[in-house]
Amino acid sequence: MAASPPVLNDPSLWINAVRIGGHWRDSAASGERFGVHDPGNGQLLGTLPTCGAADTRDAIDAAQLAFKAWRKTTAEHRAQVLERWYDLMLEHVDDLARILSAEQGKPLPEAAGEIRYAASFVKWFAEQGKRVGGYSIPAPTADRRIFVAKEPVGVCALITPWNFPAAMITRKAAPAFAAGCTVVIKPSEFTPYTALALAELATRAGLPDGCMNIVAGDAPAIGGELTAHADVRKLSFTGSTRVGALLMRQCADTIKKVSLELGGNAPFIVFDDADLDLAVAGVIASKYRNAGQTCVCANRILVQDGIHDAFVARLAEAVNVFIIGHGAQDGVGIGPLINADACAKVERHLQDALDKGATLVARTPLPDGLDPQRYSAPVLLTGVTADMQVASEETFGPLAPIFRFTDEAEAIALANDTPFGLASYFYSDNLHRAWRVAEALESGMVGVNTGSVAVEMAPFGGIKLSGLGREGGEAGIEEYLEPKAIHFAGLKS
Ligand code: ADP
């Protein structure tokens with residue numbers, strides 16, 4: 001099958017090679033290549049060298065060499081490079097969105113939104129890098145001074161998923177570069193082209209050779225090398241809890257610093273005293289963004305008795321107007337899911353819920369010609385209960401399950417009845433309740449009267465099985481720094 005990449009204003013942003021050191025490498029040690037396909041129609045977009053352990057070692061060596069010089073540059077210099085990278089991302093937002101949408105499937109305007117969101121981390125960490133200070137501590141004796149300096153960790157391995165092919169990379173790489181670290185990135189094999197285009201723009205921005213290496217192909221082999229290699233001092237991973245736990249175990253022997261952003265099972269609670277218009281808009285934003293394929297998307301919608309029916313009626317209206325189709329088509333709100341397995345999971349959750357007594361309130365038929373192995377129409381279910389699969393598993397698709405509850409205590413108990421703790425949302429106009437519930441919910445992020453908690457200036461991350469460490473905000477750069485305590489002793493007065 002002939003490859004047909006998206007048509008770009010700057011075709012040099014479509015790169016059929018991986019990035020190791022200062023070179024685009026178009027063959028891997030394996031001699032093999034893997035294909036990347038448009039999830040909306042199965043069309044082959046391009047092929048890339050299938051990297052394994054040997055290519056990954058080369059990338060780590062390049063990153064280690066580059067680290068020696070990059071760590072010595074000034075924070076001001078690194079900020080300037082990041083600012084230029086930010087400018088270039090915005091200058092090329094249309095091309096980057098086309099690449100992202102082609103390989104990931106999300107509608108073009110949403111893809112452009114992700115590029116702007118991804119760029120916001122570059123800008124934020126360009127600024128934060130200049131504020132990495134140290135501090136001094138009162139010493140226990142008069143002849144001593146203690147200073148704490150912050151130093152870059154070293155070479156960092158960044159492993160990212162397919163659902164946000166740009167933002168998950170900049171949220172890790174930008175603080176790493178700002179701190180003085182260098183990186184080896186393994187993007188998802190479904191969405192590597194966005195990462196490669198970002199690396200090309202970083203190079204144009206003046207990022208030195210070897211600072212941003214990208215390998216893709218055999219994920220377990222690459223992950224095995226990244227976690228076993230002694231020169232890699234940190235792993236930052238976004239993806240499933242299963243793979244996160246595996247990588248964390250693999251990092252144990254070389255005692256790496258680890259941050260993990262893993263799965264969620266976000267509750268979205270609507271109390272009787274909520275502003276219904278706001279709550280409906282919040283569910284739409286949280287549940288259906290990226291066709292429901294986000295780790296912070298509302299997975300369980302809990303609605304109080306008094307407004308249950310009115311809320312469901314309004315939500316059904318909003319769900320029924322979505323246009324489903326290929327991401328490049330005008331007006332589309334819901335693109336394809338990433339693959340047939342993702343579509344099958346939605347159907348499995350739907351069938352399981354219906355078998356156990358849930359009611360199907362809304363599901364628009366798929367438009368003619370759309371393959372149900374690629375596309376999934378939004379679903380709204382009521383009468384959902386804790387014994388159904390949707391209650392305990394992330395659907396990662398456009399299925400909105402409504403649970404009914406009577407009082408606040410019941411809602412909190414239901415919301416916290418999960419081993420995950422990434423995001424929670426609730427809607428209420430009662431100030432006292434708002435504080436009570438925000439404090440009672442067990443999650444790293446809480447949206448009060450909003451369905452969105454992802455902004456560059458706030459810490460993003462989870463507790464329990466949802467992860468370790470934070471990205472973005474002031475905390476985001478600390479993940480790439482180590483404090484060094486310098487004790488000056490024997491000072492004569
Ligand atoms: P998702 O369900 O979001 O695809 P995964 O955890 O499967 O989540 O994938 C997230 C990232 O982890 C992807 O880049 C994927 O290729 C990578 N990955 C999957 N398995 C491994 C592994 N054994 N070692 C290293 N990376 C892996």
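Residues numbered from 1 in each chain as written. Predicted model: local features only at pLDDT ≥ 70, side-chain atom pairs only at ≥ 80, totals over all residues. Heavy atoms only, no water.

> Would you mind showing me how to read the overall build of the protein here?
For the protein, the helix and strand inventory stands at 15 helices and 22 strands. Whereas a compact globule of 493 residues would reach a radius of gyration of roughly 23 Å, the protein reaches 23 Å, a difference of no more than 12%. C-alpha extents for the protein along the principal axes are approximately 75 × 65 × 40 Å. Looking at the 493 residues of the protein, the share that counts as buried comes to 56%. Within the protein, counting contacts between residues at least 6 apart in sequence, those at least 24 apart form 74% of the total. Split by element, the accessible area of the protein, about 19000 Å² in all, is 55% carbon and sulfur. The positive charge centre, built from 44 side chains, and the negative charge centre, built from 57, are 8 Å apart in the protein. (Helix = DSSP H or I, 4+ residues; strand = E, 2+ residues; numbered from the N terminus. Rg over C-alpha atoms; globule rule 2.2 N^0.38 Å. Buried < 20%, exposed > 50% of the residue type's maximum accessible area, 1.4 Å probe, protein only. Contact = heavy atoms within 4.5 Å. Areas by Shrake-Rupley, 256 points an atom, 1.4 Å probe, with all protein chains shown as cover. Lys, Arg positive; Asp, Glu negative; His and termini not counted. Charge placed at Lys NZ, Arg CZ, Asp CG, Glu CD.)

> How should the sheet that holds strand β18 (residues 423-427) be read in this particular structure?
Taken together, the 7 strands give an open sheet; going across it, the order is β14-β15-β16-β13-β12-β18-β19, and neighbouring strands pair in mixed fashion. Looking at which strands have only one partner, the edges of the open sheet turn out to be β14 (359-363) and β19 (445-448). Direction aside, the axes of adjacent strands within the sheet are offset by 20° on average. Helix α10 (residues 305-320) contacts β12 (266-270), β13 (298-304), β14, β15 (379-382) and β16 (399-405) of the sheet and is inclined by roughly 135° relative to β13. On top of the sheet, helix α11 (residues 340-355) reaches β14, β15 and β16; it is set at about 140° to β14, its chief contact. (Pairing = 2+ DSSP bridges. Axes fitted to C-alpha atoms, helices over the stretch in contact; angles between N-to-C directions.)

> What exactly am I supposed to notice about the site of the ligand here?
Near the ligand, the surroundings consist of 17 residues, among which Thr-160, Trp-162, Lys-186, Glu-189 and Ser-240 are the closest. Within the side chain of Glu-189, an N or O atom sits 3.1 Å from an oxygen atom of the ligand. Within the side chain of Ser-240, one N or O atom sits 2.7 Å away from an oxygen atom of the ligand. Protein burial of the ligand: of its 560 Å² of free accessible surface, 78% is covered by the chains. At the level of secondary structure, the elements contributing two or more residues to the shell around the ligand comprise α7 (219-228), β10 (232-238) and α8 (241-251). Of the residues assigned to the shell around the ligand, the class counts are 9 nonpolar, 6 polar and 2 charged. (Near = heavy atom within 4 Å. Polar contact = N/O pair within 3.5 Å; in protein donor to acceptor, adjacent residues only side chain to side chain. Nonpolar A, V, L, I, M, F, W, Y, C, P; charged D, E, K, R; others polar.)

> Please clarify how the state of the cysteines should be interpreted in this entry.
One way to say it: the disulfide is the covalent bond shared by the sulfur atoms of two cysteines. For the structure on display, the rule yields 0 disulfides. Sulfur of Cys-211: no disulfide; nearest cysteine sulfur belongs to Cys-181 and is 10 Å away. (Disulfide = S-S within 2.5 Å.)

> In this structure, what is going on with the side chain of Asp-352? I would like to understand it.
Structurally, Asp-352 is set in helix α11. A residue is classified by how much of its surface remains accessible, and Asp-352, at 11% relative accessible area, is buried. In terms of polar contacts, Asp-352 uses its side chain to reach the side chain of Lys-356, at 2.7 Å.

> Would you mind showing me how to read the pairing of β13 here?
On a regular strand, one side chain projects to one face of the sheet and the next to the other, so that they alternate. Counted residue by residue, β13 has 7 buried out of 7 residues, so it is predominantly covered. As paired strands, β12 and β13 are joined by 5 bridges and run parallel to one another. Bridge pairing in β13 places Ile-269 opposite Leu-302. The β-α-β motif built from β12, the intervening helix α9 (residues 276-288) and the parallel element β13 has right-handed crossover chirality. Relative to β16, β13 runs parallel, the two being bridged by 4 bridges. (Right-handed = clockwise from strand over helix to strand, strands pointing away.)

> Before we go on, may I ask you to explain helix α2 (residues 75-91) in this structure?
An α-helical turn contains 3.6 residues, so any two residues separated by three or four positions project in the same direction. Helix length check: α2 (17 residues) gives 24 Å between terminal C-alpha atoms against 24 Å at 1.5 Å per residue, within 8%. Within α2 the residues assigned to the buried category are Arg-78, Ala-79, Val-81, Leu-82, Trp-85, Tyr-86, Leu-88 and Met-89. In this structure, the buried side of α2 is in contact with α1 (53-70), α3 (93-104), α4 (108-129), α5 (167-179), α6 (192-204) and β9 (212-214). (Expected span 1.5 Å × (residues − 1).)

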